[in-house]
Amino acid sequence: VQLVESGGGLVQPGGSLRLSCAASGFTFSRYVMRWYRQAPGKERELVAGITSTGGTTAYADSAKGRFTISRDNAKNTVYLQMNSLKPEDTAVYYCYRPQMYLGESDYWGQGTQVTVSS
């Protein structure tokens, strides 16, 4: 299993970024996928999640109204569109595949840095 994030970078407050997570090594369309983030000195926190079909999404309060999670099962990719970014959104963003079946593991990507600063 591999999860490879991309799309992070430096952006000014109020700007936008689109993160991507390319998945391989498993049947992507069967799995819930999530985005987490971890700011310096803070615990990793859940940002958003999406069901296997993309029909249902959920967001942390900090992300509601500004971030949108989506997926393209044909491309084995999950996205996080982030708008109206704030300095407090600065963090390493991680893609996560939870365990869904007995005997398997959960997996994390390597993370992509998002820095919101003027």
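Scroll up to find the structure.
Conventions we followed
- Residues numbered from 1 in each chain as written.
- Predicted model: local features only at pLDDT ≥ 70, side-chain atom pairs only at ≥ 80, totals over all residues.
- Heavy atoms only, no water.
- Helix = DSSP H or I, 4+ residues; strand = E, 2+ residues; numbered from the N terminus.
- Buried < 20%, exposed > 50% of the residue type's maximum accessible area, 1.4 Å probe, protein only.
- Lys, Arg positive; Asp, Glu negative; His and termini not counted.
- Salt bridge = Lys/Arg side-chain N within 4 Å of Asp/Glu carboxyl O.
- Polar contact = N/O pair within 3.5 Å; in protein donor to acceptor, adjacent residues only side chain to side chain.
- Phe/Tyr/Trp six-rings, centres within 6.5 Å; stacked < 30°, edge-to-face > 60°.
- Lys NZ or Arg CZ within 6 Å of the ring centre and 35° of its normal.

A. How the structure looks around the side chain of Glu-5. Looking at the element boundaries, Glu-5 is found in strand β1 (residues 2–6). Buried charge Glu-5 goes without a salt bridge, the closest partner of opposite sign being Arg-44 at 7.6 Å. One polar contact links the side chain of Glu-5 to the main-chain amide nitrogen of Gln-110, over a distance of 3.0 Å. A polar contact is formed between the side chain of Glu-5 and the backbone nitrogen of Gly-111, at a distance of 2.9 Å.

B. Inspection of the packing of aromatic side chains at higher detail. Evaluated as defined, the whole model comprises 7 aromatic pairs. For the pair Tyr-94 and Trp-108, a centre-to-centre distance of 6.2 Å together with 90° between the ring planes defines the contact as edge-to-face. In this pair, Tyr-94 is assigned in strand β9 (residues 91–97) and Trp-108 in strand β10 (residues 107–108), connecting sequence segments 14 residues apart. Through successive ring pairs, a cluster of aromatic residues spans Phe-26, Phe-28, Tyr-31 and Tyr-101. We note Arg-44 situated over the ring of Tyr-94; from NZ or CZ to the ring centre the distance is 3.7 Å. The ring centre of Trp-108 lies 4.5 Å from the NZ or CZ of Arg-44, which sits over that ring.

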